[in-house]
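Examination of the molecular architecture
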Number of protein chains: 2
Amino acid sequence: MAMIGILGGMGPLATVDFMDKIVRLTHANSDQEHLPLLVANLPHIEDRSSAIIDGGADPLPALLDGIDLLNRNGVGLIAIPCNSAHHWYGPMRARSKAPVLHIAQTCVAAVPRAARRVALLATGGALVSGFYQQALADLDIEPVLPDESMQLRVAACIREVKAGKLDAAGARLEDVLIALASQGVGTALMACTEIPLAARHIASPPLILIDSSLELARATVKYACERGWNRPA
Amino acid sequence: MAMIGILGGMGPLATVDFMDKIVRLTHANSDQEHLPLLVANLPHIEDRSSAIIDGGADPLPALLDGIDLLNRNGVGLIAIPCNSAHHWYGPMRARSKAPVLHIAQTCVAAVPRAARRVALLATGGALVSGFYQQALADLDIEPVLPDESMQLRVAACIREVKAGKLDAAGARLEDVLIALASQGVGTALMACTEIPLAARHIASPPLILIDSSLELARATVKYACERGWNRPA
């Protein structure tokens, strides 16, 4: 029986939300039927988006330290509830003995088959990195990128969640979603793990929202339960 | 800069709730101003209450494994968001290099000065262990213990939270609180970390509720922020 490793803290509330999803997705009637987790919540890892866009401090050494910590303690799988960190997926995967799920792969797999144009709600860094555009292109889906003023609002929403201002973040996200819906976009990827926390403060979103954190949690629970990690040794 | 170690999974949802409290209690405007955590969420640890009451399997070896795991990874403090596990506080404290906060000590310190009689909402195991009664007696506060039928309802509420049935748990807890209030009890300790999750489903509790998980989170954040663990190295 192995533990699931979670490399988190990017941000901390998104990590808590991801763990909450793992626990709620696990069918269990007692503590002992739940999944063991080892969570490295490391919020001091350098800002991913500014490293990608502005040449800010490189987070990769700290990301690899987190990968090493989890492997040293024998985890059997690693999930990283931060989309932007997946810009460094290649070197993290190469360093890790345990398999590492890719959040964009699990997220795009949840897009409804009928959707041909899908909006990307993500950090500026993740958009510049381009791995979501590639994952969508592989499925023949056209990514809709916010224009500059809309992206500023998405970035502000993400910052507000990281600062615990969830009501403000929800109102800002709702403006963005209304604008997207008025452009005829029917589906949006919440391709940043802070955004689902803002979305919870919107009564009825005007388009279909795919939650990258929820899809990663689903894939994580499926992987672990198929291997019986929820059963005592 | 050290990490906070959390020995959790008892139960998993209570651990997520405890982490959520830690994050929300930390004043931070960005990820980097949050506290680093290492969370060993180990739900397979044997049931604490049945070990205390019924001679069930001893959880102490698994508890000490968790303490060892956290210490091996250099945590500077350990918090355990499970009240019943504190029956084994002595051996865990003796084994740990890092200090271990005591949930009952942080909880009883939050009882209003005017309160002279305080109800104990806890697992049967924690009640038999008696460490809460002792902590209250040290402050000249009289513990009010539920009678047998009320304790059955408290235990059912705890089980329901562990199984993710939060609405049912809330309704059951509300019945208990109404009965306590009708007996003239004005304050109750939620001395089991599952109970605050049920309490959130009660619109207006009829007495003052002290949350052991919240008080442990407050003490944890205070300890860590006083030592600057929320500031990047």
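For clarity, every value in this text was computed on a predicted model and none was experimentally measured.

Before going further, it helps to spend a moment on the interface of chain A and chain B. Listed by partner, the interface residues are 42 residues for chain A and 42 residues for chain B. With both chains or domains summed, chain A and chain B bury close to 3100 Å², and 57% of this area falls on carbon and sulfur atoms. In this structure, the connection of chain A to chain B is made through 4 salt bridges. Note that A:Asp31 is salt-bridged to B:Arg48, the shortest N-O span being 2.8 Å.

A word on the domain arrangement of chain A. Residue and element names in this part refer to chain A. Along its sequence, chain A is organised into domain 1 (3-102 + 215-226) and domain 2 (105-212). Contacts between the two partners involve 20 residues from domain 1 and, on the opposite side, 25 residues from domain 2. When the buried area of domain 1 at its contact with domain 2 is split by residue, Asn83, His102 and Glu215 rank highest and sum to 36% of it. In this structure, the connection of domain 1 to domain 2 is made through 2 salt bridges. Among the ionic pairs, Arg200 bridges to Asp17, the shortest N-O distance being 2.2 Å. Viewed at the interface, domain 2 and domain 1 are joined by 14 residue pairs in polar contact (both at pLDDT 80 or more). Looking at the side of domain 1 that touches domain 2, the elements with two or more residues in it are α1 (12-25), α2 (48-54) and α11 (212-226).

Thresholds, definitions, all that
Residues numbered from 1 in each chain as written. Chains lettered and ligands numbered in written order. Predicted model: local features only at pLDDT ≥ 70, side-chain atom pairs only at ≥ 80, totals over all residues. Heavy atoms only, no water. Contact = heavy atoms within 4.5 Å. Buried area = accessible area lost by both parts, 1.4 Å probe. Salt bridge = Lys/Arg side-chain N within 4 Å of Asp/Glu carboxyl O. Domains from an automatic or database assignment. Polar contact = N/O pair within 3.5 Å; in protein donor to acceptor, adjacent residues only side chain to side chain. Helix = DSSP H or I, 4+ residues; strand = E, 2+ residues; numbered from the N terminus.

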